[in-house]
Amino acid sequence: SRGGKSRVPVRALDHDFVSSGKATPLGLLLPELDELSITVCTSKVTRDCIVDTLDHWWSVNEIRLPKIDTLVLLQDNGPENSGRRTQFLNRMVSFADRYQLNIRLAYYPPYHSKYNPVERCWGVLANHWNGALLDTLEAIVGYAKSMTSKKQNPVVRPVTKTYQLGVSLSKQAMKDVEHRLDRLAQLPAWFIDINWQPAA
């Protein structure tokens, strides 16, 4: 879009790029207020990474949202946060109990994630840093912070923690978690309610 020109003079390879690492943005959008939070993860986005991101967001924002007793999470039915992923559901039950919140997990069906409002934010971000050399974590975070969506800048947080892949529960442990899940009878993998319970 800029005729092959970058915004600032940089030295870079024109081919045979060698990656020194990866960074994946993970977004959380509050549609009513048009507030976007982005976590830039240098590790693979796992089930634990997703819940840790939600946990951090709520710990920062719960004080200004005191009347909220239920969080509705609209999300893609991806490989790490689907309604069948044992570790994700286990962590969500713990999250609900810790913060005394009811959780409703609502999933978009396959090939319908374009209807998720947060997806529009990724298009804005891609256009914003188009033509920039994203050669450091600081550069990625900086460009993400300077983008605007609905006339607002997102809150951006880098996370360099390394997450373990493939964490899952045993069948017996998952049975205990499953007792805490209220699945919609007609669509059990797509709508799940988790009601918090006081500690025993």
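Data block above holds the structure.
Here's a quick rundown of the structure. (Residues numbered from 1 in each chain as written. Predicted model: local features only at pLDDT ≥ 70, side-chain atom pairs only at ≥ 80, totals over all residues. Heavy atoms only, no water.)

A count of helices and strands for the chain gives five helices and seven strands. In terms of overall dimensions, the chain has a C-alpha envelope of 60 × 35 × 30 Å along the principal axes. Residues counted as buried form 38% of the 200 residues belonging to the chain. Of the contacts formed within the chain by residues at least 6 apart in sequence, a portion of 67% connects residues at least 24 apart. Per element, the accessible surface of the chain, about 12,600 Å² overall, is 54% carbon and sulfur. For the chain, the separation between the mean place of its 25 positive charges and that of its 20 negative charges on side chains is 4 Å. (Helix = DSSP H or I, 4+ residues; strand = E, 2+ residues; numbered from the N terminus. Buried < 20%, exposed > 50% of the residue type's maximum accessible area, 1.4 Å probe, protein only. Contact = heavy atoms within 4.5 Å. Areas by Shrake-Rupley, 256 points an atom, 1.4 Å probe, with all protein chains shown as cover. Lys, Arg positive; Asp, Glu negative; His and termini not counted. Charge placed at Lys NZ, Arg CZ, Asp CG, Glu CD.)

Turning next to the pairing of strand β3 (residues 70-76). Within a regular beta strand, the side chains point alternately toward one face of the sheet and then the other, so they alternate between its two faces. Residue alternation in β3 divides its side chains into a buried set, L71, L73 and Q75, and an unburied set, T70, V72, L74 and D76. The pairing of β3 with strand β4 (residues 102-108) spans seven bridges and is classified as parallel. Its bridge partner lying in β4, L73 is registered against L105. Assessed by its sense of winding, the connection that carries the chain from β3 through helix α2 (residues 86-99) to β4 is right-handed. (Pairing = 2+ DSSP bridges. Right-handed = clockwise from strand over helix to strand, strands pointing away.)

The strand order across the open sheet built from four strands is β3-β4-β7-β6, with neighbouring strands paired in mixed fashion. Looking along the sheet, the strands with just one partner apiece sit at the ends: β3 and β6 (181-183). Neighbour-to-neighbour, the strand axes of the sheet open up by a mean angle of 20°, direction not taken into account. Alignment of β4 against strand β7 (residues 191-194), held across four bridges, turns out to be antiparallel. Among the inter-strand pairings, A106 is bridged to a residue of β7, identified as F191. (Axes fitted to C-alpha atoms, helices over the stretch in contact; angles between N-to-C directions.)

Attention shifts here to the pairing of strand β2 (residues 35-41). Burial of β2 is extensive: six of the seven residues sit out of reach of the surface. The pairing of strand β1 (residues 24-30) with β2 spans seven bridges and is classified as antiparallel. If you follow L29 over to β2, its bridge partner there is L36. Count of turn residues in the β1/β2 antiparallel hairpin: four residues, of which D34 carries a positive phi of about 55°. When β2 meets strand β5 (residues 155-159), the two strands line up parallel, connected through five bridges. Bridging across to β5, T39 finds its partner in R157.

Counting 32 residues, the largest nonpolar core has M92, F95, I103, L105 and I194 as its most contacted members. When residues of this core are traced back to their parent elements, those giving at least two are β1, α1 (47-61), β3, α2, β4, α5 (171-178) and β7. Residue contributions to this core peak at seven residues, all from α2. With residues near it in sequence (within four places) discarded, F95 still touches L54, D55, W58, L71, L101 and I103. One finds I140, A144, M147 and V156 within the second-largest nonpolar core, a separate group that totals 14 residues. (Core = buried A, V, L, I, M, F, W, Y, C linked by side-chain atoms within 4.5 Å.)

Honestly, that's just the spatial picture; any functional story needs more than this.
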